[in-house]
Structure formats: C-alpha cells, structure tokens
Amino acid sequence: MFDRPLFLMTDPGCFDVSYQINPWMRPDAWKTDPAGALAAAKAASAELKRAIQALGAQVETIGAVAGLPDLVFPANAAIVLDGRALLARFRHEERQGEEAIFREVFCRLKRRGLIQEIADFPEGVFQEGAGDCIWDADRKVFWAGYGPRSSKASLAVIEKTFGEEVVGLELASDRFYHLDTCFCPLAGGKLLYYPTAFTPAALAAIRARVPEADRIEATAAEAEAFCVNAVNLGARIVMARAPASLRRKLEARGYALTEVDLSPFILSGGAAYCMTLRLDRESRPGRAILAAE
Ligand code: ARG
C-alpha cells in the first residue's frame, strides 16, 4: 500500500509556548521575541521536513489551529500500526482540544485509504500516542511508557487493539515525560536510550530484551539536547543538534546523522521524533488491514 515511508507533520504557523505542562516549557523565553521565535520555528520545521524527505520518505502536512500550539507534535495524536489508528487521550486540559482535530485528520486519512480503522481508549484512560508507545520493528513489540502522561491502564488497551505484545515501561521523572524523550529503537536492533529516565523495573525490562551489545546509552547532556527524540530510517537518523559525543557513538555503530536546529521546539519540550508521526508501519510485511483483504 505504501511505496515509501509516510510521516505526518503539522504546519507550525500557530506554534508558541504559552503554557507550561512539562519542565522544559519556557513561556517567558518565548515571550521575549514571539515573532522571532515563530520565524525560527517555521524555519526549523521546514528544515526537518526536508531532512526527512531527503531520506526518501513522504511527508503529509496538516494545518495549524489557533489556540492549539502543541498540535505541532503529531506523535502524540495516535498509535498507528497496520492501518489502524488508536487515538490519543491527553492528560492535560491544555492539549485536550487537539483530540477533535486529530480525529478529523484521521477520518480524512481513512477516506483517502491511508488508514483503515480508527479506535479509541475508554474514557478516563490517558494515552499520548506514539510519543508514549513505540513500535520496535526488529523485536515486533510495542514499548509503552506510562506515568507522567499515559495511564498504566493504556497498556492492556493497546495490546487488545493491535494484538501485539506490549512491554510497559514506567517513566521515573517529569523531565522525560514521554517515552520518546528517552527511548529510540534503531533499525537493525540497536536501542538508543537514557537509563536515568526509567524506574528500576523498567530498566530491567529493557535489559532483559535488548542485549548489552545492542544498547547505546545516552548521557544526561545528550538526552537533555533532545537527541534521543530522533527519526530513524535504516542507517540514517534525523535529530536535534547533537553533542559530538553522541555523533561519535552512533557513527561508530554505522549510523549516519542529520542534525537540525530544533531549539524553538525544544522550548516546548519536543524535537524531531515527536514533530512527526509515522503512518505506514506494518507489523509484518503485508499485514496492513487493506493489504490483507
Ligand atoms: N509541549 C508538549 C507537551 O508537553 C511537547 C510534547 C512533545 N511530544 C513528545 N512526544 N515528546 O505535551
């Protein structure tokens, strides 16, 4: 159905940092020069889009909506696999208005045949999309973060909806509040992650499934630069400006980096991965619902 990877992004035209729902968000810094910050954000988003297209992927851009600045983080819209989208329920009121917008986006994608099925979490169960639930294509499991944003009860819903194994990972701190800020499976079976962000039980679950030779540990400086929040296709990784230490580590394992200055979005606590949402993922080749029919 898809001849190349397809990512969703959002027009950054209504982006700003006007509230604070995670410790990185700096409304004051934004306010010192909103016009300059917005111009920088638009340039950064365009550069990210180009970087992803340069990897051979297609990018579909949805429109901005006034009053919903964090709509620029579509990773939080839904969990998508095999043509099925399980729509997010946001914990914070500030983002709950995005739910209706993303639902409309997915209904439109369904009309175009790019999505086959839309599902929901039961009321009261929070889950913030692919930002907290990452498909590991090599291991054929979902890794699902919970604690700061997503409810633990979301894990069973994900498992039932997709019929895939879900490994729950409890996040230990408000600073790494979505799994995608501290955990990034890479093609080929390697894992880039920031151990400090996880509870001891979560770390044990990671280490039980990913052998030491495949684990690439990010330092605090690397994680705080939002570099674990990366987009990976094959041997290529797109991420925010990286400390040289991380570049060396990844290049030594055979990965090539494209760095983009995403500082306007880091002011909101997000970077490359969460500014996108992959729509074409199939658990096993040919598994997409449409392809099976
Ligand atoms: N300001 C947004 C929030 O706190 C940033 C979201 C970033 N998304 C992510 N998946 N890490 O919700």
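Here the structure is a predicted model, which means the values were calculated and not measured.

Student: It is not clear to me how the overall build of the chain should be interpreted in this structure. Could you clarify?
Tutor: For the chain, the helix and strand inventory stands at ten helices and 15 strands. On C-alpha atoms alone, the chain measures out to a radius of gyration of 18 Å, which is about the 19 Å that the 2.2 N^0.38 rule sets for 293 residues. Over its C-alpha atoms, taken along the principal directions, the chain stretches across nearly 50 × 45 × 35 Å. Buried residues in the chain amount to 56% of all 293 residues. Taking the contacts inside the chain whose residues are at least 6 apart along the sequence as the reference set, 71% of them involve residues at least 24 apart. Summed over all atoms, the accessible surface of the chain reaches about 11,500 Å², with 50% contributed by carbon and sulfur. If the 35 positive side-chain charges of the chain are averaged to one point and the 38 negative ones to another, these points end up 3 Å apart.

Student: Explain helix H5 (residues 154-162) to me, please; I cannot follow it from the model alone.
Tutor: Helical geometry: 3.6 residues make up each α-helical turn, so side chains three or four residues apart lie on a common side. If you check which residues of H5 are buried, you get Ser154, Leu155, Val157, Ile158, Thr161 and Phe162. In an axial view of H5, the angular spread of the buried residues amounts to 165°, which keeps them on one side of the axis. Opposite its buried face, H5 presents the exposed residues Ala156 and Lys160, each directed more than 90 degrees away. Looking at the buried side of H5, the elements it contacts are strand S3 (78-81), strand S4 (84-87), strand S5 (117-120), strand S6 (133-136), strand S7 (141-146) and strand S8 (166-170). Directly beyond the C-terminal end of H5, a positive phi value near 65° is found at glycine 163.

Student: What should I look at first to understand the site of the ligand in this one?
Tutor: The full set close to the ligand counts 16 residues, and Asn22, Arg95, Arg149, Asp180 and Ser268 are the nearest of them. In this structure, a nitrogen atom belonging to the ligand sits 2.9 Å away from a side-chain N or O atom of aspartate 70. One nitrogen or oxygen atom from the main chain of serine 268 is found 2.8 Å from a nitrogen atom belonging to the ligand. For the ligand, whose free accessible area comes to 340 Å², the fraction covered by protein is 100%. Its atoms largely coinciding with the cavity grid, the ligand occupies the largest cavity. Class assignment for the residues of the shell around the ligand results in five nonpolar, seven polar and four charged.

Student: Honestly, the sheet that holds S6 in this entry has me stumped. Any pointers?
Tutor: Either a parallel or an antiparallel arrangement is found when strands of a sheet pair, and the pairing is made through backbone hydrogen bonds. Strand order in the open sheet formed by three strands is S6-S7-S8, and the pairing between neighbours is mixed. In this open sheet, the two edge strands, each paired with only one partner strand, are S6 and S8. Along the sheet, successive strands turn relative to each other by an average axial angle of 25°, direction set aside. Sheet topology note: the S6/S7 ladder contains four bridges and is antiparallel. Paired with isoleucine 134 across the strands is tryptophan 143, a residue of S7.

Student: For this particular structure, what's the right way to read the sheet that holds strand S12 (residues 231-233)?
Tutor: Spatial ordering of the open sheet is given by S12-S13-S14, a layout of three strands whose pairing is mixed. In this open sheet, the two edge strands, each paired with only one partner strand, are S12 and strand S14 (256-260). Taking the axes of each pair of neighbouring strands and ignoring which way they run, one obtains an average angle of 20° across the sheet. As paired elements, S12 and strand S13 (residues 236-240) share three bridges and run antiparallel to each other. In the strand pairing of S13, asparagine 232 is matched with isoleucine 237. Each of S12, S13 and S14 is contacted by helix H2 (residues 34-53), which is oriented at about 160° to S14, the strand it contacts most.

Each value, and the rule that gives it
- Residues numbered from 1 in each chain as written.
- Predicted model: local features only at pLDDT ≥ 70, side-chain atom pairs only at ≥ 80, totals over all residues.
- Heavy atoms only, no water.
- Helix = DSSP H or I, 4+ residues; strand = E, 2+ residues; numbered from the N terminus.
- Rg over C-alpha atoms; globule rule 2.2 N^0.38 Å.
- Buried < 20%, exposed > 50% of the residue type's maximum accessible area, 1.4 Å probe, protein only.
- Contact = heavy atoms within 4.5 Å.
- Areas by Shrake-Rupley, 256 points an atom, 1.4 Å probe, with all protein chains shown as cover.
- Lys, Arg positive; Asp, Glu negative; His and termini not counted.
- Charge placed at Lys NZ, Arg CZ, Asp CG, Glu CD.
- Arc of directions from axis to C-beta.
- Near = heavy atom within 4 Å.
- Polar contact = N/O pair within 3.5 Å; in protein donor to acceptor, adjacent residues only side chain to side chain.
- 1 Å grid on protein atoms, 1.4 Å probe; cavity = no way out; pocket = protein on both sides within 12 Å on 5 of 7 lines; lining within 4 Å.
- Sits in = over half its atoms within 2 Å of the grid points.
- Nonpolar A, V, L, I, M, F, W, Y, C, P; charged D, E, K, R; others polar.
- Pairing = 2+ DSSP bridges.
- Axes fitted to C-alpha atoms, helices over the stretch in contact; angles between N-to-C directions.

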